[in-house]
Amino acid sequence: MKKRFFLQTTAALAAVAAFGTAQAQTAIKFQLDWRFEGPAALFLQSAAKGHYKAAGLDVTIDSGNGSGGTVTRVASGTYDMGFADMAALMEFHANNPDAPNKPVAVMMVYNNTPAAVLALKKSGIATPADLSGKKLGAPVFDAGRKGFPIFQKANNVNNVAWTSMDPPLRETMLVRGDIDAITGFSFTSLLNLEARGIKAEDVVILPFSEYGVKLYGNAIIASPKLIKENPAAIKAFLTAFAKGAKEVMANPGATIGTVKDRDGIINVPLETRRLQLAVDSVVASPDARREGFGQINPGRMALMASQVSDAYGTKTRVDPSAVWNGSMLPATAALNVLPPLKK
């Protein structure tokens with residue numbers, strides 16, 4: 001009897017402890033900028049490996065349909081945090097100066113914008129100067145198209161005509177010859193072109209970051225409400241995220257399964273390649289290594305704020321101090337996540 005009572009008591013205490021642990025988990029709803037594709041592994045790895053849970057967080061990660069939507073949903077309170085293009089965040093701030101809950105960037109992930117101009121070699125386009133007088137195409141909300149005036153000014157490009165289309169038609173129209181070039185995320189549009197029968201060596205890529213445009217790309221954003229009420233939860237999220245991101249960058253192929261678990265129909269080799277391209281071009285870029293993963297250069301951020309204000313024609317000027325808060329970043333050691341330079 002005594003033994004049975006002891007076992008029952010122990011089980012009850014364990015149940016209470018487990019319940020208390022579950023209760024202590026801070027719930028965070030997080031939205032990505034896009035579908036569950038290769039780069040999403042950077043976030044999904046920490047969920048799959050329990051890093052968020054170990055940090056006391058109950059994190060829900062949902063796919064998105066564009067950075068603008070992610071910013072709006074975090075602003076509305078539907079999501080606590082998200083992953084969005086820095087220019088889209090700046091645009092929201094400057095066009096909604098009286099909004100009560102403007103999201104703030106708390107960690108830089110894509111140190112450089114993935115935006116690029118892509119063309120087929122047979123078009124004769126090889127440099128930005130060759131774009132003058134050409135017909136470009138992209139959805140109206142595309143980050144590269146919206147930021148193109150900055151690229152245009154930096155490279156003295158003139159007389160460009162734009163054609164608008166839905167995202168799935170962008171690369172198709174380029175292949176058909178309806179347009180001369182497109183703007184898009186380099187690691188997305190290149191693979192989309194390959195899926196349409198174009199060889200990588202037949203594609204010209206003009207990354208904004210390599211042609212005088214040092215815009216930041218996607219950052220982790222958080223709601224001011226969460227920043228005010230629970231900054232420790234944000235820091236815990238960023239620390240756990242960095243741990244998973246390091247694992248992903250060390251071995252993308254071994255972690256792409258986290259994406260397939262969320263979208264069973266993905267092409268694993270293609271998404272592994274997309275992930276590697278993203279890491280190489282914008283996450284572990286030379287600028288990221290210079291500034292440090294997750295961090296920003298204040299002067300560069302101020303210049304971007306001015307450029308976005310002009311290029312996007314915002315209602316008010318972007319205030320660089322209002323869109324960034326690096327006070328919740330993990331310790332330097334936890335941010336040492338970038339893979340070694342390839343020899």
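Residues numbered from 1 in each chain as written. Predicted model: local features only at pLDDT ≥ 70, side-chain atom pairs only at ≥ 80, totals over all residues. Heavy atoms only, no water.

Draft legend 1. The overall build of the chain, seen in detail. If you tally the helices and strands in the chain, you get 15 helices and ten strands. For the chain, whose C-alpha radius of gyration is 22 Å, the value lies close to the compact-globule estimate of 20 Å for 343 residues. Dimensions of the chain along its principal axes, counting C-alpha atoms only, are 90 × 45 × 40 Å. Buried positions account for 50% of the 343 residues belonging to the chain. (Helix = DSSP H or I, 4+ residues; strand = E, 2+ residues; numbered from the N terminus. Rg over C-alpha atoms; globule rule 2.2 N^0.38 Å. Buried < 20%, exposed > 50% of the residue type's maximum accessible area, 1.4 Å probe, protein only.)

Draft legend 2. Focus on the sheet that holds strand β1 (residues 26-31). Spatial strand order, β2-β1-β3-β10-β4: five strands in an open sheet with mixed pairing. Each edge of the open sheet carries a strand with a single partner, namely β2 (57-62) and β4 (104-108). Neighbour to neighbour, the strand axes of the sheet diverge by 30 degrees on average, direction disregarded. Here strand β3 (residues 81-85) pairs with strand β10 (residues 218-222) via five bridges, running antiparallel. Within β10, the position partnered with Met81 by the bridge is Ala222. Strands β1, β2, β3 and β10 of the sheet are contacted by helix α2 (residues 41-48), whose axis makes an angle of about 145 degrees with β2. (Pairing = 2+ DSSP bridges. Axes fitted to C-alpha atoms, helices over the stretch in contact; angles between N-to-C directions. Contact = heavy atoms within 4.5 Å.)

Draft legend 3. Spatial organisation of the nonpolar core. Core analysis: the biggest nonpolar cluster contains 96 residues, and Met86, Ile220, Phe237 and Phe241 have the highest contact counts within it. Top element by residues in this core is helix α10 (residues 231-250). It accounts for eleven residues. Ranked by size, the runner-up nonpolar core spans twelve residues in total, among them Met173, Leu190, Leu193 and Val203. (Core = buried A, V, L, I, M, F, W, Y, C linked by side-chain atoms within 4.5 Å.)

Draft legend 4. Seen up close, the packing of helix α6 (residues 143-154) against helix α15 (residues 298-312). For the pair α6 and α15, the least separation of the axes is 8 Å and the interaxial angle reads 100 degrees. Considering their axes alone, α6 and α15 lie roughly perpendicular with respect to each other. Along the contact surface, α6 presents Ala143, Lys146, Gly147, Pro149 and Ile150, while α15 presents Gln307, Val308, Ala311 and Tyr312. When grouped by side-chain class, the residues that make up the contact of α6 with α15 number six nonpolar, two polar and one charged. (Parallel < 35°, antiparallel > 145°, perpendicular 65-115°, else oblique. Nonpolar A, V, L, I, M, F, W, Y, C, P; charged D, E, K, R; others polar.)

Draft legend 5. Up close: the pairing of β10. Burial of β10 is extensive: five of the five residues sit out of reach of the surface. Neither face of β10 is left uncovered, since the one carrying Asn218, Ile220 and Ala222 and the one carrying Ala219 and Ile221 both have all their residues buried. The pairing of β4 with β10 spans four bridges and is antiparallel. Each residue of the ladder has a partner; that of Ala105, found in β10, is Ile221.

Draft legend 6. Broad picture of the layout of surface pockets. Approximately 1100 Å³ is the volume attributed to the largest pocket. Asp33, Trp34, Arg170, Phe185 and Thr188 are the residues nearest the centre of the largest pocket, which is lined by 49 residues in total. Elements that contribute at least two residues to the lining of the largest pocket include exactly α4 (67-76), β3, α5 (86-95), α6, α7 (170-176), β8 (181-185), α8 (186-195) and α13 (268-283). Across the lining of the largest pocket, the residue classes tally to 25 nonpolar, eleven polar and 13 charged. Taken as a whole, the second largest pocket spans an internal volume of roughly 330 Å³. (1 Å grid on protein atoms, 1.4 Å probe; cavity = no way out; pocket = protein on both sides within 12 Å on 5 of 7 lines; lining within 4 Å. Points joined across faces, edges and corners; volume = space filled by probe spheres on them.)

Draft legend 7. Examining the packing of α8 against α13 more closely. Between α8 and α13, whose axes approach to 9 Å, the crossing angle comes to 145 degrees. The handedness of the crossing between α8 and α13 comes out as right-handed. Residues Ser186, Phe187, Thr188, Leu190, Leu191, Asn192 and Glu194 of α8 lie in contact with α13, whose contacting residues are Leu270, Arg273, Arg274, Leu277, Ala278, Ser281 and Val282. A class-by-class count of the residues in the contact of α8 with α13 yields seven nonpolar, four polar and three charged. (Left-handed = near helix turned anticlockwise from the far one by under 90°.)

Draft legend 8. Here's a closer look at α8. Of all ten residues in α8, seven are buried; the element is thus mostly enclosed. Among all positions of α8, only Ser186, Phe187, Thr188, Ser189, Leu190, Leu191 and Leu193 are buried. The secondary structure elements touched by the buried residues of α8 are β5 (115-120), α7, β8, β9 (203-207) and α13. Where α8 terminates, the next one or two residues include Gly197, which has phi positive at roughly 90 degrees.

Draft legend 9. Main features of the sheet that holds strand β6 (residues 135-137). Strand order in this open sheet of five strands is β7-β6-β8-β5-β9, and the pairing throughout is mixed. Each edge of the open sheet is held by one strand with a lone partner, namely β7 (161-163) and β9. Taken over all neighbouring pairs, the strand axes of this sheet differ in orientation by 30 degrees on average, direction set aside. Contacting β5, β6, β7, β8 and β9, α6 runs over the sheet at an angle of about 110 degrees to β8.

Draft legend 10. Spotlight on the packing of aromatic side chains. With the rule as written, the count across this model stands at 13 aromatic pairs. Summarising the aromatic geometry, the rings of Phe148 and Trp162 are spaced 5.4 Å apart at their centres and angled 85 degrees between planes, so their arrangement reads as edge-to-face. Residue Phe148 is located in helix α6, and its partner Trp162 is located in strand β7; the two are separated by 14 residues in the primary sequence. A relative accessible area of 1% means that Phe148 is categorised as buried. The partly exposed category is assigned to Trp162, whose relative accessible area is 29%. Joined through ring pairs, the aromatic side chains of Phe30, Phe43, Tyr52, Phe83, Tyr110, Phe185, Phe187, Phe237, Phe241 and Phe293 make up one cluster. The positively charged end of Lys29 is found above the aromatic ring belonging to Tyr79, 4.8 Å away from the centroid. One cation-aromatic arrangement involves Arg300 over Tyr216; the distance from NZ or CZ to the ring centre is 3.8 Å. (Phe/Tyr/Trp six-rings, centres within 6.5 Å; stacked < 30°, edge-to-face > 60°. Lys NZ or Arg CZ within 6 Å of the ring centre and 35° of its normal.)

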